[in-house]
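An overview of the molecular structure
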Amino acid sequence: MLNRKVIMAIADGLGDRPHPLLGGKTPLEHARTPNLDRLASEGINGLMDLIAPGIPVGTDMGHLILFGYKPHDYPGRGPIEALGIGVEVKPGDIVLRCNFATVDENGIVVDRRAGRIREKTDELAQAISGLELEEGIEILFKPATEHRAVLILRGSGLSDKISDSDPKAPNDGKPYHKVEPLNSSEEAIRTASILNLVLETVHIILSSHPVNAERVADGKLPANFILTRGAGQMIDLKPISQKLKINVSCIAGESTVLGVAKLAGYKTFTDSSMTGNIDTNIELKARLAIEEIANNDFVYVHMKAPDVKGHDNEPLEKARSIELFDHMVGLIRQQLPENVYFVLAADHSTPCEVGEHTGEPVPVTIAGPSIRRDRVLQYNEIDCAQGGLGHLTGEDFVRTLHGLLGFVKKQGN
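Residues numbered from 1 in each chain as written. Predicted model: local features only at pLDDT ≥ 70, side-chain atom pairs only at ≥ 80, totals over all residues. Heavy atoms only, no water.

1. Structural notes on the pattern of salt bridges
- Applying the stated criterion across every chain, the model contains 25 salt bridges.
- For the salt bridge of Glu81 with Arg97, the shortest nitrogen-to-oxygen distance reads 4.0 Å. Linking Glu81 in helix α4 (residues 77–84) with Arg97 in strand β3 (residues 94–103), this pair joins segments that are 16 residues apart in sequence. By the burial criterion, Glu81 is buried, and Arg97 matches it.
- The structure contains a network of salt bridges with shared partners spanning Asp60, Arg77, Glu81 and Arg97. (Salt bridge = Lys/Arg side-chain N within 4 Å of Asp/Glu carboxyl O. Helix = DSSP H or I, 4+ residues; strand = E, 2+ residues; numbered from the N terminus. Buried < 20%, exposed > 50% of the residue type's maximum accessible area, 1.4 Å probe, protein only.)

2. Some details on α4
- The element α4 is largely enclosed, with a buried count of seven among its eight residues.
- On its buried side, α4 packs onto α3 (59–66), β3, β6 (148–154), β7 (225–232) and α9 (255–263).
- Two residues or fewer past α4, Gly86 is found with a positive phi of approximately 80 degrees. (Contact = heavy atoms within 4.5 Å.)

3. Topic: empty space enclosed by the protein
- Overall, the coordinates contain one cavity of 30 Å³ or more when judged by the stated rule.
- Of the volumes computed, that of the largest cavity is approximately 70 Å³.
- Along its surface, the largest cavity is lined by 14 residues, and Leu50, Ile55, His348, Thr358 and Glu360 are the ones closest to its centre.
- Per-class residue counts for the lining of the largest cavity are seven nonpolar, four polar and three charged. (1 Å grid on protein atoms, 1.4 Å probe; cavity = no way out; pocket = protein on both sides within 12 Å on 5 of 7 lines; lining within 4 Å. Points joined across faces, edges and corners; volume = space filled by probe spheres on them. Nonpolar A, V, L, I, M, F, W, Y, C, P; charged D, E, K, R; others polar.)

From the geometry alone we can't say anything about function, so treat these as descriptive.
See below:
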């Protein structure tokens, strides 16, 4: 049997729309991407809808599919985020994804990300974690990547059927949402009540915290609130690594991606220099990708920056982040073993004009040994539409890769 392997480079939020500041081109078309284009010209290309045309997906769902699961396997963003930062999640825990945020005295959200706070979030988290606001309910709070965090409610009689308090972009300037039960069960009603009390108490604690006093003195926004969303309970999923008997590594600086990888049973690699932004350490990511492919069947290497710049409505900066992604791909390509397929993909589109995830498809490329090359010469949303892979779902795309590795069973006799 052929000893073939795969490295997949994922540009988070890569897909976009033509933008007037870029002369009617997408950021990917506008960016200088010699390495991405070289792979496209050497491989087979297409467009991918992670679930189906027009359906937006989150980073968690997008990577759940790219890592080999089906959409209905989704356990909720909260448990994934907790796994990503190494927090143990127990059966029955209610886990929520959070942002540190800034609100005014009337509860109006001034900034959903507290000025994209990155420093001393661990000190803020310590002031919250361990609160006991109701007998029998333990509150755990852990910082994640940059302004992100995870909140766990642990105890009996709880439910994840509750609404988000986060008004989400572009709704800065509006009040945070009161948490509501999503059904009439006693558990949902109780959980919503507890969480609303948590939010009020956290606001009081953080408003007087020394870290925020220091931030205000420095002219920065205080992280005086937390916004919650994505409540979920862990479900029993068989890891993809066990299901396919496959060895996989994931290299990322983003806790959500790392969480999905851990759910799938993949080895994870991260470092403080692998940030969720344009200053991430691409040299380390590239080196680890080459090191890991030597002893694995599959390696994923992830970059978050294009998604960040899409959310920030910055098309020129998004193009610059794509050029950084291109450079990382070039570093990997320089040392790529001959038996390895090099795959380009994204988890969703984040158009700069919208500042949120949308349902547009993303370009994909497979280059490597004995691949059926098509006539596409550039890697972007327009050219890849003419490629030999056609228009396929995320499940189809991943199955194609597993098939190249020999992990797909023959159907019929």
